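Chain residues, written in single-letter form:
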Amino acid sequence: MHPLTAHKLLRLVIACLYIVGLCGPPGAGKSTLASQVANRVNELWLQRSAFFNELVESPEVAIVLPMDGFHLYRHQLDAMKDPEEAHARRGSPWTFDPERLLRCLTNLRNEGSVYAPSFDHGVGDPVEDDIFVSLQHKVVIVEGNYLLLDEDVWRDVSSILDEKWFIDVDIKKAMQRVLKRHISTGKPPDVAKWRIDYNDQPNAELIMKSKKRADLIIKSVDFS
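What comes next is a walk through the structure. Here the structure is a predicted model, which means the values were calculated and not measured.

A short note on the pairing of strand S6 (residues 163-168)
Here is step 1 of the chain: Across the 6 residues of S6, 6 count as buried, placing the element largely inside the fold.
Here is step 2 of the chain: Side-chain alternation along S6 places Glu163, Trp165 and Ile167 on one buried face and Lys164, Phe166 and Asp168 on a second face that is also buried.
Here is step 3 of the chain: Bridge count for strand S1 (residues 18-23) against S6 is 4 bridges, and the pairing is parallel. From the neighbouring strand, Cys23 faces S6, where its bridge partner is Phe166.
Here is step 4 of the chain: Two elements, S6 and strand S7 (residues 216-219), share 4 bridges in a ladder whose sense is parallel. Residue pairing for S7: Phe166 is matched across the bridge by Ile217.

This is the structure:
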């Protein structure tokens, strides 16, 4: 990540609501980076807000809004023509609800605040109204796989973003990370490998094609 990225976002805080789209394939590190940037912006805001002291808590100005909350519900997948295929391909663009994401971001833009869903990985479904983006939040980092996809409603979602970031990663490296993630959640290694070959890697290859629409390319690295 460019060293001035957090400082640049902080300068925008005093101006207006700024929505950043952070895109990349599975295993790129989107959630980690989004959280780190939001935390850094909030730290800088606290440091520069001299009128706050130890008796008055400085409000957070940056927040992360994951795209995961806009997955289709399992019962919606069950109602599809081929439910087995729908569940097997969960995570593909057509297993999300981009219209709902667009409405959420549009309402945020127009009203300055919005309730958004999160995603419960244990249950496997969205959790309604679990994230509140308030009027105090001036930098909203939306992170997800298909934010830069140049087709259908995804194109409209992309157009509402003020800035578009893409995490560039070697697909083989990303799939290794995803394999470890699958196994850590209890999937047998052969099932995890099948899911990567059947779903995760094809999705990643599609997502990588949208890199050209980004304003900023961030190289994914391993620190271990």
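Once the structure has been displayed, the description carries forward.
Considering the sheet that holds S1
Here is step 1 of the chain: With parallel pairing, the 5 strands of this open sheet are ordered in space as S2-S5-S1-S6-S7. Because the sheet does not close on itself, it has two edges, and the strands there are strand S2 (62-66) and S7. If you compare each strand with its neighbour and ignore which way they point, the axes differ by 25° on average.

Some words on the environment of Lys212
Here is step 1 of the chain: Structurally, the position occupied by Lys212 is in the loop between helix H8 (189-208) and S7.
Here is step 2 of the chain: For Lys212, a relative accessible area of 71% gives the class exposed.
Here is step 3 of the chain: Put simply, Lys212 and Phe166 are 46 residues apart on the chain and 8.9 Å apart in space, counted from C-alpha to C-alpha.
Here is step 4 of the chain: A polar atom in the side chain of Lys212 sits 2.8 Å from the backbone oxygen of Lys209.

Section: H8
Here is step 1 of the chain: Residue Ile196 marks the point of greatest curvature in H8, where the axis turns by about 45°.
Here is step 2 of the chain: Those residues of H8 not exposed but buried are Ala192, Arg195, Ile196, Asn199, Asp200, Asn203, Ala204, Ile207 and Met208.

Details of the nonpolar core
Here is step 1 of the chain: With 56 residues, the main nonpolar core has Leu22, Leu65, Leu101, Leu105, Val140 and Leu147 as its most contacted residues.
Here is step 2 of the chain: Ranked by residues supplied to this core, first place goes to helix H2 (residues 30-48) with 6 residues.
Here is step 3 of the chain: Among residues more than four places away in sequence, those in contact with Leu65 are Cys104, Leu105, Ala116, Ile131, Val140, Ile141, Val142 and Glu143.

Here we look at the packing of aromatic side chains
Here is step 1 of the chain: Tallied over the entire structure, the rule returns 5 aromatic pairs.
Here is step 2 of the chain: Ring geometry for Trp194 versus Tyr198: centroids 5.0 Å apart, planes at 15°, classification stacked. With a gap of 4 residues between them, Trp194 and Tyr198 both fall in helix H8, about one helical turn apart.
Here is step 3 of the chain: Judged by relative accessible area, Trp194 falls into the partly exposed class, the value being 45%.
Here is step 4 of the chain: Through a chain of ring-to-ring contacts, the aromatic side chains of Phe96, Tyr146 and Trp154 assemble into a single cluster.

Quick notes on unusual backbone geometry
Here is step 1 of the chain: Despite not being glycine, Asp129 has its phi angle at roughly 50°, a positive value.
Here is step 2 of the chain: Locating Asp129 in the fold gives a position in strand S4 (residues 125-133).

Thoughts on helix H6 (residues 152-159)
Here is step 1 of the chain: All of the buried residues along H6 are Val153, Trp154, Val157 and Ser158. Looking straight down H6, one finds that the buried residues subtend no more than 150° of arc, so they occupy a single side. Seen from the open side of H6, the exposed residues pointing more than 90 degrees away from its buried face are Asp152 and Ser159.
Here is step 2 of the chain: Elements that come into contact with the buried residues of H6 comprise helix H5 (98-111) and S6.

Thresholds applied
- Residues numbered from 1 in each chain as written.
- Predicted model: local features only at pLDDT ≥ 70, side-chain atom pairs only at ≥ 80, totals over all residues.
- Heavy atoms only, no water.
- Buried < 20%, exposed > 50% of the residue type's maximum accessible area, 1.4 Å probe, protein only.
- Helix = DSSP H or I, 4+ residues; strand = E, 2+ residues; numbered from the N terminus.
- Pairing = 2+ DSSP bridges.
- Axes fitted to C-alpha atoms, helices over the stretch in contact; angles between N-to-C directions.
- Polar contact = N/O pair within 3.5 Å; in protein donor to acceptor, adjacent residues only side chain to side chain.
- Bend = angle between axes of the 7 residues up to and from the residue.
- Core = buried A, V, L, I, M, F, W, Y, C linked by side-chain atoms within 4.5 Å.
- Contact = heavy atoms within 4.5 Å.
- Phe/Tyr/Trp six-rings, centres within 6.5 Å; stacked < 30°, edge-to-face > 60°.
- Arc of directions from axis to C-beta.

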